[in-house]
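Spelled out, the chains give:
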Amino acid sequence: MAQDPVPALLARAAERLSEEFSFLPEVDSPAPHEAAPDLERITAVLEETAHRLGDNYPYFHPLYAGQMLKPPHPVARAAYALAMTINPNNHARDGGRASSVMEIEAVAEIAAMFGWEGTPFLGHLTSSGTVANLAALWVAGQLAPGKRIIASEQAHYTHQRISAVLKLPFGSVPADARGRMHLSALEDQLRSGDVGTVVVTLGTTAIGAVDPLAEIVELRQRYGFRIHVDAAYGGYFRLIPGSLAEPARSAYAAIEGTDSIVVDPHKHGLQPYGCGCVLFRDPAVGRFYKHDSPYTYFTSSELHLGEISLECSRAGAAAVALWATQRLLPLVPGGEFARGLAGGRNAALELDRRLRADQEGRFEPLAAGPPELDIVVWKIAAGTPSQSSDRARQIFAACAARNLHLALVQLPEHWFRPVSDPAQDSADRGVTCLRSVLMKPEHERWLDRIWTAYTDACQGIRG
Ligand SMILES: Cc1ncc(COP(=O)(O)O)c(C=O)c1O
């Protein structure tokens, strides 16, 4: 592993933090009945911990190109660890005074990325994309009780499950061969008049597909419904419109006209896990959260984040890490953060190009064209779907044996067929495909190495 810069960065910042509290009386060394930290034992336990952590895939390494996993930036790790010296709780300003203000500032920067700059909105961090979506659908249900939540069949499974938790009726809209929500199928459902909210996914989990948001915003004028954007994975791609193809670019441009947005800083935002974010266009939805707490909200008459959040205790450290990251890498088009995203996107386009260019025709990428974001999926050519699935699983294992970590995904087989055949399409039972999420900026530089390991692994299978 490369030399970790975090301990040295942290040491200097920790000194500075200690100076901030130098007005306090020294805490004496422990009394005889209090156990002093036993540094030798702690060191031994930490060595054992490190050994246990060795039993992981190397998520931080560019040869890990499987699931949505990206290492947090050193500034995020250092800021998180620094904040833990204080261990603030962003439920209320009582427990997280500075970190609540930092959360409000960081969330405003995310809102500005989506075009909500200088306009009122309500938003906060959550512990995950699931909880952020829960908040958005809970508000949607309060505004349109009894009406349906609908999402594409390629939307994250969390929407159906959250709707069940909230006891809201849920409906699924078919997706097209690009994995995008099918507009005419959506309109069929809207005609029934019982749809309260359409969940629009910008960056589906399986293939990074981008639902046609601009067209859905137009449909809203005719049918009147709420639009919730699940951009947990894909939200940050709003910063690189020049790297996207149409119609994804138009979809991202339409975000600012929606009612609520979810984005996960712990996916593409370089944060440790425990950092989702939900934004509401209309700050008046804050009324649904109104509650009394006899225990908190004493120290300030300003808004406490617990007053607008379903979660109570939340890690102030997550807000501090996000704030510090965005201070270093502002969320602006053309900035260093945006260039990192574009690097992964370039890697995905290049991998897709090489798969399509294979002289022996061994690989079958999506028939409809290149990926919309930075997730590449492909089928392995074979006589039957079950042979293709078997080969994909064997290649997946052979790659792992070469330290290249890809992922597997079950997708409709007709997505890979150049000519569609309605009879075959309706009997489609799916096929196991290879999937690679190229979300690290370094993936662009590592693509040759990834390709060599991948093609070597394929030779092994054929032999
Ligand atoms: C589009 C989308 N929405 C929601 C989620 C759930 O987010 P989390 O895993 O942070 O709860 C995911 C996770 O992959 C996702 O890709």
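Above this note sits the structure.
Below you will find a few notes about this structure. (Residues numbered from 1 in each chain as written. Predicted model: local features only at pLDDT ≥ 70, side-chain atom pairs only at ≥ 80, totals over all residues.)

This next bit is on the nonpolar core. Formed by 120 residues in total, the largest nonpolar core has its most connected members in Val 198, Val 200, Val 262, Cys 277, Val 320, Ala 321 and Val 377. Both domains that furnish three or more residues to this core are identified here as domain 1 (97-328) and domain 2 (336-462). Once you skip the residues sitting within four places of it in the chain, Val 262 turns out to touch Gly 129, Ala 132, Asn 133, Ala 136, Asp 230, Ala 231, Ala 232, Gly 276, Cys 277 and Val 278. (Core = buried A, V, L, I, M, F, W, Y, C linked by C-beta atoms within 7 Å. Buried ≥ 20, exposed ≤ 12 C-beta atoms within 10 Å, placed from the backbone. Domains from an automatic or database assignment. Contact = placed C-beta atoms within 7 Å.)

Time to look at the sheet that holds strand β10 (residues 407-411). Backbone hydrogen bonds are what pair the strands of a sheet, in a parallel or an antiparallel way. The strand order across the open sheet built from four strands is β8-β9-β11-β10, with neighbouring strands paired in antiparallel fashion. The open sheet terminates on both sides in strands that have one partner only, identified here as β8 (363-365) and β10. Taken over all neighbouring pairs, the strand axes of this sheet differ in orientation by 40° on average, direction set aside. Note: β10 against strand β11 (residues 431-437), five bridges, orientation antiparallel. Looking at β11, one finds that Val 409 is bridged to Cys 433. Seen against the sheet, helix α11 (residues 336-357) touches β8, β9 (375-380) and β11 and runs at an angle of roughly 15° to β9. Sitting on the sheet, helix α12 (residues 385-401) touches β9, β10 and β11, and the angle it makes with β11 is about 35°. (Pairing = 2+ DSSP bridges. Helix = DSSP H or I, 4+ residues; strand = E, 2+ residues; numbered from the N terminus. Axes fitted to C-alpha atoms, helices over the stretch in contact; angles between N-to-C directions.)

Near the ligand you find 14 residues, and of these Ser 128, Gly 129, Thr 130, His 156 and Ala 232 are the closest. The dominant element in the shell around the ligand, judged by the number of residues it contributes, is helix α5 (residues 129-143), at three residues. (Near = placed C-beta within 6 Å.)

What follows covers unusual backbone geometry. Comment: phi is negative for the bulk of residues other than glycine, and the bulk of peptide bonds are trans. Residue Pro 247 is bonded to the preceding Glu 246 through a cis peptide linkage, with omega at 5°. With respect to the secondary-structure elements, Pro 247 resides in the loop between β5 (226-230) and α9 (248-253). If you check the backbone angles, Leu 270 has positive phi at about 65° while not being a glycine. With respect to the helices and strands, Leu 270 occurs in the loop between β6 (260-263) and β7 (276-280). The class for Leu 270 is buried, based on 26 C-beta atoms found within 10 Å.

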